[in-house]
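Here is what each chain is made of, one letter per residue.
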Amino acid sequence: GIFGEWQSDLSRRLSLRTRLIVDKVDYNLPEYRGYNADNYGASLRLTYGINNRSYLSLSGFWLYEDSSTDWNSNMRQRYGLGYGMELPLGFNIYAEPNITWVNYQEGRNFISKNSTLEWLKRRDTTYGVYVTLSNKYLRIYDITPTVSYIYNKRFSNVNNYDYARTRWEIGISKSF
């Protein structure tokens, strides 16, 4: 896919970042072709610097998944409110609780909780927490490691799609 990004400082303390996204998902196996989709998305992140060591961030993300089948086409909305700060010894932490709503365009048959077929239009609500920790002094060849903790709990009106998931990620970033 492709994306375009724009960022601007609106004032000394306030900045805005926007991103537009277009991509295509194609599955090779015939039994998964109903999930082929064109995706169109946008995101906004408004960041306010509280002082020289901390900031607040308000984010929104919207994605329309135009699937080859209407029962898989959906509109996804995600909103988050985050807080970041510089800690002693060069550590930086960012934490963001968020919520995501996904509404599917059409209904289809699903197996219900009492093991019968039921026609439902799927709707999901996911609550999440994202926390990342890094240290600006821990660098090897200008590469800095980052540790992230991600927790998501999804509630769906379709029985099989509820879940709780915890992930730990280790990433790296390069300074130029």
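Here the structure is shown first, and the text comes after it.
Quick look at the structure, then. From a predicted model like this one, the values you see are computed outputs, not experimental measurements.

Things to note about the pattern of salt bridges
Inspection of every chain in the model, using the stated rule, returns 11 salt bridges. A salt bridge links D38 to K24; the nearest nitrogen and oxygen atoms lie 3.0 Å apart. A residue pair is termed long-range when its members are at least 10 positions apart, and D38 in strand 3 (residues 37-51) and K24 in strand 2 (residues 14-25) qualify at 14 residues. Given a relative accessible area of 25%, D38 falls into the partly exposed group. A salt bridge links R139 to D142, with the shortest nitrogen-to-oxygen separation between them at 3.9 Å. Here D142 falls in the partly exposed class, since its relative accessible area comes to 38%. A cluster of three or more residues bridged by salt bridges with shared partners is formed by E5, R17 and R19.

Some points on the side chain of N152
If you trace the backbone, N152 turns up in strand 10 (residues 143-156). Beyond its immediate sequence surroundings of up to four residues, N152 is in contact with N98, T126, Y127, G128, Y163, A164 and R165.

Some details on the sheet that holds strand 2
Read from one edge to the other, the open sheet built from nine strands follows the order 1-2-3-4-5-6-9-10-11, with strand pairing classed as antiparallel. Strands at the two margins of the open sheet, each flanked by one partner only, are strand 1 (2-9) and strand 11 (163-174). Across the sheet, the mean angle separating the axes of adjacent strands is 15 degrees when strand polarity is ignored. In this structure, strand 9 (residues 123-135) lies alongside strand 10, joined through 11 bridges in antiparallel fashion. The residue of strand 10 that forms the bridge with L133 is V147.

Description of the environment of Y48
Take Y48: it is sitting in strand 3. Each C-alpha atom, one on Y48 and one on I170, is 27 Å from the other, the two residues being 122 residues apart in sequence. In this view, Y48 contacts R13, L14, Y55 and L56; residues no more than four positions away in its chain are not counted.

A word on unusual backbone geometry
Even without being glycine, S115 reaches a positive phi, approximately 65 degrees. If you trace the backbone, S115 turns up in the loop between strand 7 (108-111) and strand 8 (117-120). You will see that D142, though not glycine, has its phi angle at about 65 degrees, which is positive. With respect to the element layout, D142 can be found in the loop between strand 9 and strand 10.

Definitions and cut-offs
Residues numbered from 1 in each chain as written. Predicted model: local features only at pLDDT ≥ 70, side-chain atom pairs only at ≥ 80, totals over all residues. Heavy atoms only, no water. Salt bridge = Lys/Arg side-chain N within 4 Å of Asp/Glu carboxyl O. Helix = DSSP H or I, 4+ residues; strand = E, 2+ residues; numbered from the N terminus. Buried < 20%, exposed > 50% of the residue type's maximum accessible area, 1.4 Å probe, protein only. Contact = heavy atoms within 4.5 Å. Pairing = 2+ DSSP bridges. Axes fitted to C-alpha atoms, helices over the stretch in contact; angles between N-to-C directions.

Honestly, it's all geometry; don't read function into it.
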